[in-house]
Amino acid sequence: MITAFRTIDLQGAAVAELSRRNFGKAAGLVAAPALLAGCAGGGSGSSKTAQAAAAARTWGVTGKALAGLGGFDATIKSFMQARSIPCGQLAVVRKGKLVLSRGYTYAEAGAFKTQPTSPFRIASISKPVTATAVLRLVQDGKLKLTDRVATLLGLSTTADPRLKDVTVLRLLQHLGGWDRDISPDPMFRDAAIAKELGLALPVSQASIMKYTSRRPLDHAPGTHYAYSNYGYMLLGRIIEKVTGKKYEDYVRQTVLAPRGITRMRLGKSRTKATGEVPYYSTYTGATVFDNSGTKVPFPYGAFNLENMDAHGGWLATAMDLTRFAGLYDGATSVLSSTSISRAFAKPEIGVNADGWYYGCGWQVRPVTGGRNTWHNGSLAGTYTLLVRRYDGLSWAVLFDQRQEGSAANYGDIDSLLHKAANAVKTWPTGNLTSTYF
């Protein structure tokens, strides 16, 4: 997915940001002249329609929080109201105990009411989920981090023999050699792929692989970090090849079920799961599901979420994500301590100039007392963030729209939640886990 995220130090100060500069132009997005039907002000435009809708909105909170954590609610309320975000969700865990699980709604009367159990698209937070499944296969001796991807998947190396040097580990760490700042992200090139291969839309994952393998890599594998959605899509296909199971089935059975996570599932582009939130964007685009050229709201058919399964296709709640993240707090039946160490090991290129690196599905910052790890996600209609702190705190926050145009930066939620956590002087001792799992 097209991501925009900040990394933070212990105090929550912003130290780096990757932006979506010119994404709309590159992806062929068209800004809607007014809000899309049914959005009720969900976009970030400044039309009179949007202003009127915002004026009619009311604030609502569902779910549970233990005593003394009101600062989190206040932070989310201020953030969502400043950006006219209709639906939000937050879960906070301290030392394995769920202490807050909330749904937030800022919308007009009669609109969708967010629950703590409402599924959201989580976009690229799907990557640590996929990485966990891969690490489990390595742990079970069914796969090696040194295995060659082209060999595993039968990819042609004619266009670039260096493709032979792409390993499973290099895919996990975004060192495969594809760079979307140089060559467009193939996961968003449906029309071009269909045209080149003489196919009708929608294109398949196999077609995306054929198209991309016809092109040279942008970097020699293992030499340059470049975030790659395509690389994680390949990891999903490797999981299927090695296990003989559908990607979703293997992940749900092997990674999620042992943690009691039953709500997570893969999302769909044009239909919603039971209770799933609506998604808002001021952009429209041509459908990628047929050759009609029909303009659709961008979150609902202008990209193929089904093809993005392993890099951006999951639905989850905030508390599902914090429950998942607990896999990395210590050895469990899913991952051993050795596997966890592999996830957070430094890549062959070392730590970057900003003091962090991408491990296996996680961004990692060494800090005094341990390490902070995190991942965010961003798609039209989605902005998400999952954080694990060195001190036993973790949280996940989900929104049903992202920054567009001149709207306020959504990456600011990172430092704001660190500030809210640091302001808690006495943490409650209860545990809400049994309420939801």
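Worth saying up front: this structure is predicted, and the values here are computed from it rather than measured. (Residues numbered from 1 in each chain as written. Predicted model: local features only at pLDDT ≥ 70, side-chain atom pairs only at ≥ 80, totals over all residues. Heavy atoms only, no water.)

Here the focus is the overall build of the protein chain. Scanning the protein chain from terminus to terminus reveals 15 helices and 16 strands. Within the protein chain, the fraction of its 437 residues that count as buried is 57%. As displayed, the protein chain offers around 16600 Å² of accessible surface, 51% of which is attributable to carbon and sulfur atoms. (Helix = DSSP H or I, 4+ residues; strand = E, 2+ residues; numbered from the N terminus. Buried < 20%, exposed > 50% of the residue type's maximum accessible area, 1.4 Å probe, protein only. Areas by Shrake-Rupley, 256 points an atom, 1.4 Å probe, with all protein chains shown as cover.)

Right, let's talk about empty space enclosed by the protein for a bit. A complete count under the given rule lists one cavity of 30 Å³ or more for this structure. Here the largest cavity is characterised by a volume of approximately 40 Å³. Surrounding the largest cavity, D160, L163, W178, T212, S213, R215 and L217 form its lining. Of the residues contributing to the lining of the largest cavity, the split by class is three nonpolar, two polar and two charged. (1 Å grid on protein atoms, 1.4 Å probe; cavity = no way out; pocket = protein on both sides within 12 Å on 5 of 7 lines; lining within 4 Å. Points joined across faces, edges and corners; volume = space filled by probe spheres on them. Nonpolar A, V, L, I, M, F, W, Y, C, P; charged D, E, K, R; others polar.)

Sheets are built from strands that pair by backbone hydrogen bonding, the pairs being arranged parallel or antiparallel. Read from one edge of the open sheet, eight strands run β4-β6-β5-β16-β15-β14-β13-β12, paired in antiparallel fashion. In this open sheet, the two edge strands, each paired with only one partner strand, are β4 (58-65) and β12 (357-358). Where strand β14 (residues 370-379) lies against strand β15 (residues 382-388), seven bridges are found, and the strand directions are antiparallel. Paired with T373 across the strands is R388, a residue of β15. (Pairing = 2+ DSSP bridges.)

Bringing the packing of aromatic side chains into the picture now. Scanning the model with the defined rule gives 21 aromatic pairs in all. Ring centres 6.2 Å apart and planes at 70 degrees place the aromatic pair F324 and Y328 in the edge-to-face group. Using a relative accessible area of 0% as the deciding quantity, one classes F324 as buried. What links up through ring pairs into an aromatic cluster is the set Y225, Y227, W356, Y358 and W374. The cationic tip of R388 hangs over the ring face of W362; the distance from NZ or CZ to the ring centre is 6.0 Å. (Phe/Tyr/Trp six-rings, centres within 6.5 Å; stacked < 30°, edge-to-face > 60°. Lys NZ or Arg CZ within 6 Å of the ring centre and 35° of its normal.)

Of all hydrophobic cores here, the largest spans 119 residues; its most connected members are F72, L90 and Y328. Every residue in contact with F72, bar those within four places of it in the chain, is listed here: L90, V92, L100, Y104, L417, A420, A421, V424 and W427. (Core = buried A, V, L, I, M, F, W, Y, C linked by side-chain atoms within 4.5 Å. Contact = heavy atoms within 4.5 Å.)

Our focus in this paragraph is the sheet that holds strand β11 (residues 314-316). What the three strands build is an open sheet, ordered β7-β11-β8; its pairing is antiparallel. Taken across any chain shown, the strands that pair with only one partner, and hence form the sheet edges, are β7 (120-121) and β8 (265-266). Relative to β11, β7 runs antiparallel, the two sharing two bridges. Residue pairing for β11: R121 is matched across the bridge by L315. On top of the sheet, helix α10 (residues 247-256) reaches β8 and β11; it is set at about 40 degrees to β11, its chief contact. (Axes fitted to C-alpha atoms, helices over the stretch in contact; angles between N-to-C directions.)

The next thing to look at is the confidence of the model for the protein chain. Averaged over every residue, the pLDDT of the protein chain is 90; the share at 70 or more is 88%. Low pLDDT (under 50) marks residues 1-49, which in the prediction has 133 contacts with non-local residues, meaning those over four places away or in another chain. (pLDDT = per-residue confidence, 0-100.)

Let's shift gears to the packing of helix α4 (residues 126-139) against helix α13 (residues 337-344). It is the contact of α4 with α13, at a shortest axis distance of 10 Å, that shows an interaxial angle of 130 degrees. One way to sum up the angle between α4 and α13 is to call them oblique. When the axes of α4 and α13 are compared, the crossing they make is right-handed. Residues L135, V138 and Q139 of α4 touch α13, and the partners they reach there are S339, R342 and A343. Of the residues in the contact of α4 with α13, the class split is three nonpolar, two polar and one charged. (Parallel < 35°, antiparallel > 145°, perpendicular 65-115°, else oblique. Left-handed = near helix turned anticlockwise from the far one by under 90°.)

What follows concerns the environment of D290. Relative to the helices and strands, D290 is located in the loop between β9 (283-286) and β10 (295-297). Through-space distance from the C-alpha of D290 to that of V203 is 9.4 Å; in sequence the pair is 87 residues apart. Within the structure, the side chain of D290 is placed 2.5 Å from the side chain of S292, a separation counted as a polar contact. (Polar contact = N/O pair within 3.5 Å; in protein donor to acceptor, adjacent residues only side chain to side chain.)

This part covers helix α7 (residues 190-197). Among the residues making up α7, those that are buried are D190, I193, A194 and L197. Around the axis of α7, the buried residues are gathered within 95 degrees of arc, so they sit on the same side. More than 90 degrees from the buried face of α7, the exposed residues found are A191 and K195. Packed against the buried residues of α7 are α8 (205-213). (Arc of directions from axis to C-beta.)

This next bit is on helix α12 (residues 318-325). For α12, the buried fraction is high: seven of the eight residues fall into the buried class. Restricting attention to buried positions, one finds in α12 the residues A318, M319, D320, L321, T322, F324 and A325.

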